[in-house]
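Residue-level listing of the chains:
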Protein chains: 2
Amino acid sequence: MTGGEALVETLLASGINVCFANPGTSEMSFVAALDANPDMRCVLCLFEGGVTGAADGYARMTALPAVTLLHLGPGFGNGWSNLHNARKAGSPVLNVVGDHADYHLKYDAPLQSDLDGVARSVSNWTRRIDSVDDIARDTAAGVKAAKSNNGQIATLILPADVAWSDTGGAASQVAEAPRALHRPDADRVRATAARLREPGTALLVSAAALYGELADVAGRIKARTGCELLAPFFAPRVARGEGAVEMAQMRYQLGQNTEFLAKFKRIIYVGETPPVTFFAYPGKPSTPDAPGTDIERLCFGDWDIEWTLHELARAAGVDGSETIDRVELNLPSPPAPGPLTTDAIGRVLALQCPENAIMVNEALTAGHAIWPHVDKSRAHDRLKNTGGSIGMGLPAGVGAAIACPDRKVVVVSGDGSAMYQLQSLWTAAREKLDITVIIIANGGYRILHEELAALGVAPPGRNAQRMFDIVEPDLDWVSLAKGHGVEGLRAETVEDFDAALKIALDSPEPFLVEAVV
Amino acid sequence: MTGGEALVETLLASGINVCFANPGTSEMSFVAALDANPDMRCVLCLFEGGVTGAADGYARMTALPAVTLLHLGPGFGNGWSNLHNARKAGSPVLNVVGDHADYHLKYDAPLQSDLDGVARSVSNWTRRIDSVDDIARDTAAGVKAAKSNNGQIATLILPADVAWSDTGGAASQVAEAPRALHRPDADRVRATAARLREPGTALLVSAAALYGELADVAGRIKARTGCELLAPFFAPRVARGEGAVEMAQMRYQLGQNTEFLAKFKRIIYVGETPPVTFFAYPGKPSTPDAPGTDIERLCFGDWDIEWTLHELARAAGVDGSETIDRVELNLPSPPAPGPLTTDAIGRVLALQCPENAIMVNEALTAGHAIWPHVDKSRAHDRLKNTGGSIGMGLPAGVGAAIACPDRKVVVVSGDGSAMYQLQSLWTAAREKLDITVIIIANGGYRILHEELAALGVAPPGRNAQRMFDIVEPDLDWVSLAKGHGVEGLRAETVEDFDAALKIALDSPEPFLVEAVV
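Quantities reported herein were computed from a predicted structural model and do not represent experimental measurements. (Residues numbered from 1 in each chain as written. Chains lettered and ligands numbered in written order. Predicted model: local features only at pLDDT ≥ 70, side-chain atom pairs only at ≥ 80, totals over all residues. Heavy atoms only, no water.)

Chemist: Hey, could you go over the confidence of the model for chain A for me, with residue numbers and the actual values?
Modeler: Predicted confidence across chain A gives a mean pLDDT of 95, with 100% of residues reaching 70 or more. Our summary of model confidence lists the complex with pTM equal to 0.98 and ipTM equal to 0.97. (pLDDT = per-residue confidence, 0-100.)

Listed below in C-alpha cells is the structure:
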C-alpha cells in the first residue's frame, strides 16, 4: 500500500468521502489512490478558491469536513481567501497540500515556496507528514483537528515521496473523536439564566444554534424568559422562512446596529463574538453597543454551544411546553411591471422560493432590499459570507449542492463578488448540480461607493470611479455562463426576471439569471 | 496632507506611476489620494491574481516596480501565487495592502486575519507602517526594497487609520537607490574567464543577460572563448527570433536535459540557480547534470550580473570586434490545411509573428511543438512562467501591454492555465490593450497525463481522468471572451486559425483565438 492509499483509506474510514480538488504532479500518488477508491467522490474545480469555498459550503450543510486537494504553496495560496471565510464560519475543512519530495527541497525548484508559512497563516492546525510510517496517524489527526473546536481549518502537508512510498502493509486508521469541548461553569450558566428574565436582556446565539433543534431550544428560552433573541449579521448558516425560530438579525451598518442595540441593557453571547463594525471609520466607535451595556460572553464559538444552550434552558425552566415564536409565511405582493429593481428581485424570489431551498447570500448592497422579502417566504437555509472575502458565493453553492443533492440551491451574488470565483460555474455544470445563480448586475463594487461616503470622502473622481465600477466594458453574464457550460438568461425588467427565474428554478441543472439593476 | 497622499506622492516622486489595483474599504484613503494624483495610472483587475501577475509582467518589461493595491489578508492571499511567480522571476513589485485601523484589530472583525504572516510567506521584505509620521519614510524604503537585489517582492502593510490621518505638512520622500549589489571576487572572475576556453565548457546566463546589451556581452564572450552559451528553461524574459544572441535553451524534461548537458565538463552559472527538475520522480535524480560535472556558481541571481558579465568579458579579452552568433530569420513552411495541430499553430504563429512583439508563453505541453518554429521568426521578447504556478499568462500579458503600449503582446496559454486568471481579459478590454490571446484548447491539464506517466503510474482511471480533463462540459472560450468584453474566434482547422490569427493581430484591441487541438 502506498502512502497515498493509506491516506485515502484513512479518510474514508473516518467518514470523509468528498474531495474537492485541483491536483498537480506532487499529488499524483494521492490521485492514483483515489482511482483505487471510487467511494471517494472527486470534484474538480478550475481554481483553488473554488476548491476551498466548496469545502466551506459542504461543511456548513453537513457539519462534516470535506478534504481538499491542493498543489504546493501556490495552490494553497489560491485557496487562502476562501479558507479564511471558512475559518470565520467555523467550518471543518481538511486540506491536503502536496509538496516536493523531501530530498528535492534543497534545490529550490520553481514551485518551491514557504508552504509551511502560508499554510500556518490561515490554518488552525498544520502538520507536515515526515514519513510514510506516520501517514495514517497524521491523517487521522488531521480529521480530528478539522472536527475539533466546533470545526476548524486543518492542513496536512504531504511530500510527494511520502505519498509514493510503500507503507509496508495495511496502514489505514480511523480518526478519534475530537476532544470534549470546553463548557462554561454550571453555576455561571444558572446565574445567567436568572438574568434572562430581567427586562432589556437579549440572548444572541450563533453557529449551530441558528437552525434545527438548537434553534428550537433558543426559541424555548425566549418563550420561557421573555428575553429578546438575536442572530449575528454574519451567520454561517441560519434557518429562515416559514417555521424558522424568530430571531432579530443584526445589520451591516454601524448606525443601524447602534440604534437596534440601544434598547438592551445586557446582551448575552452564546457561540459568537460580540459584534464589531466591519471596518473602522474615522471618529466612530468599533462596536455598536451603547456605552454601559453589559456584555456577557457566556460561551465562545469554540466552546460547547449545545451543552450550554441546553443547560441554559434547563436552568431557565424550559420544559417543552413553550410555544416557540416562529416565522409565519407572509409572501410579498408581486412587484409592478417595469424596470428591474432590487426590491422587485426580492419580491419575485420570495414568491418563487422553493420549499427547503439553500440560499447562498453574497449580495452586499442589493441584499438590504432583497432579503427582508425572502425572510418570510417558504422555509430555507441561508448561508452568508462570514469572512468578508468576496468570492465565496458560487463555490459555497457548489459545496452545498454536493452536500444536499435533494435540495435546490440558489446563489444570489453581486457581479463584483461573483467574478472572483466564476470558474465554479464549470464545476456546477460538470457535476450537474441543482443550482440557480442570480447575478445582481449593478456594474461594480457598489458597496465601495457607500464605504467612501462613510469615510467622509467627497464623490469619487476618475481614478476612484474606475476602480469601483465594472463598466466600459460591461460584463455579459449570459456569455460567461455559456462559456462555462451553464445556461443563462438576462433580465432587465420585472417580467423578464420573473419568467427567467421560473425557468431557472424548474431546471434540474445549473442555470444563471443576470438581473440587471 | 493625509497619509494616503504622502504615500502616493512618495511613489510618484520615486518613479512609480502605475498602480494595479483591487481596493476595498480599508484602502479608501489611498484611493482618494489617487484621485488627487492623476499622474498615477490606475488599472483595475477583477481578481488579485490579475493585479500581482500584471505587476510581474510590467516589471519584466520595464525593470521597474509597479505598485499593487490589495485589500487586507484575503486580497493578499488571492494575489499570492502570482507574487510567487514574480519572486521567482526576480521581478520588482511593491505591494500596498490595507489593514484595519490599529485600534480595530482587537475586535477580530470578519476580514481580520494573519495578514503579516501571509505577507511574509511570499515577500522578500515586509513592513507594517505604524504611524502616519513614518509613511513617507516607509514607502520610500519599500520602493528601495523592491528594487534591491535585482528586483524582489516588497510589501507595505498600511493600516486604515495611518492612511487617513494628517501628516501635519508636506511629507513625501524620494526613494534612495538600492544598496550596491554583491560582486564575485575579481580574481575568481579572471580564473573563470580562463576556464571558458577549455573544451566542454558552457556559460549559462539568466535574468538581464537574456536580452539587450548584456546578451550581446554574453554573445561576445562566446565568440571570443568558444564556450557554449546556455539559457535556462524558466527564463523571465528572453530575446528570441531574428537578431537575438544564439543561446541553447534548457528543456523541461529531465531526460532531455540530462542528454543535453552530458557533453559539458563544466557549467558556469551567471544569474541563475543550477537547473533542477521541476518535480522529483521516484528513483530519479533531482538534477540533470552528469555526475562529475564541474558546477560553478560564479554569480547568484541577486548579485551584480551586469558587472560580472562585463568583467568576465574583459578578462576573456573581449574587445568589441567579435562577431556575435545571432539567430537568422528562418520562417517555417506553412502547415498543410486540415485539422489544427500544435505544430501548425507554431508554424502559423511564426509566419505571422509581428516584429518586436512580446510573447507570453504559458503553453506547457503544446509549447514543445510551437516554440521551435517561432524561435527563428521575427525579433520578439518571450516571457515565461517562472514559478510554475499556472495563471500568470493573461495577467503578465496585461502588465506587459501597459508597460509597452507600442508593442503587440501575444499570450499563448493552455486552457487549464488560462482559466486560473481569466478575469484579466476584462482588464485588457477596459484598457484597450493591444493583446492577442491564443488559447490552446486541448481540454484540460494535458501535462498531468505526462506527469502521471513519468511517475510510473498506469493509465488514469475515472477519478484521475475527471481531475485531469476539462471536458463534460467543454469550455467555450469565445463566449468567455465575449463575457469579458473581448472579441474572439474559434479555430478547428489550420485555415481557420490562420485567418483568425490575422484578424486578431490586425486588431489594435484585445482579441482571443480559441485554437482547438
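Chemist: Quick one: what's the story with the relation of the copies chain A and chain B, residue by residue and with numbers?
Modeler: When chain A is fitted onto chain B, the two copies agree to an RMSD of 0.0 Å after a turn of 180 degrees and an axial shift of 0.0 Å. The symmetry that links the two subunits is that of a two-fold axis. Take the interface residues of chain A: 100% of them recur as interface residues in chain B, which is what a same-surface contact looks like. (Least-squares fit on C-alpha atoms with pLDDT ≥ 70 in both. Contact = heavy atoms within 4.5 Å.)

Chemist: Which residues make up the packing of aromatic side chains, and what values go with them?
Modeler: In this description, an aromatic ring pair is defined by two values, namely the gap between the centres and the angle between the planes. All names here are of chain A. The full count for this structure, using the stated rule, is 19 aromatic pairs over all chains. An angle of 85 degrees between the planes, with centres 4.8 Å apart, marks the rings of Phe 233 and Phe 234 as edge-to-face. Comparing Phe 233 with Phe 234, the two get one shared label, buried. A connected cluster of aromatic rings, assembled from ring pairs, spans Phe 233, Phe 234, Tyr 252, Phe 278 and Phe 279. (Phe/Tyr/Trp six-rings, centres within 6.5 Å; stacked < 30°, edge-to-face > 60°. Buried < 20%, exposed > 50% of the residue type's maximum accessible area, 1.4 Å probe, protein only.)

Chemist: Any details on the pattern of salt bridges? Residues and values, ideally.
Modeler: All names here are of chain A. Inspection of the entire model under this criterion finds 66 salt bridges over all chains. Across the pair Arg 240 and Asp 375 runs a salt bridge, and its minimum N-O distance is 3.9 Å. Taken together, the residues span a long stretch of sequence, with Arg 240 in strand E9 (residues 237-240) and Asp 375 in the loop between helix H13 (367-374) and strand E14 (380-384) at a distance of 135 residues. Since its relative accessible area comes to 10%, Arg 240 is described here as buried. You can call Asp 375 buried: its relative accessible area is 19%. (Salt bridge = Lys/Arg side-chain N within 4 Å of Asp/Glu carboxyl O. Helix = DSSP H or I, 4+ residues; strand = E, 2+ residues; numbered from the N terminus.)

Chemist: Before we move on, can you summarise the sheet that holds E9 of chain A with the specific residues and values?
Modeler: Residues and elements named next belong to chain A. The seven strands lie next to each other as E9-E14-E13-E15-E16-E18-E17, forming an open sheet whose pairing is mixed. At either end of the open sheet lies a strand with only one pairing partner, and these are E9 and strand E17 (487-491). Ignoring strand direction, the axes of neighbouring strands in this sheet form an average angle of 20 degrees. For strand E16 (residues 435-441) and strand E18 (residues 511-516), the ladder comprises six bridges, and the chain directions are parallel. Considered in E18, the bridge of Ile 439 is made with Glu 514. Sitting on the sheet, helix H3 (residues 48-62) touches E9, strand E13 (357-362) and E14, and the angle it makes with E14 is about 140 degrees. Helix H14 (residues 393-403) contacts E13, E14, strand E15 (409-414) and E16 of the sheet and is inclined by roughly 175 degrees relative to E15. (Pairing = 2+ DSSP bridges. Axes fitted to C-alpha atoms, helices over the stretch in contact; angles between N-to-C directions.)

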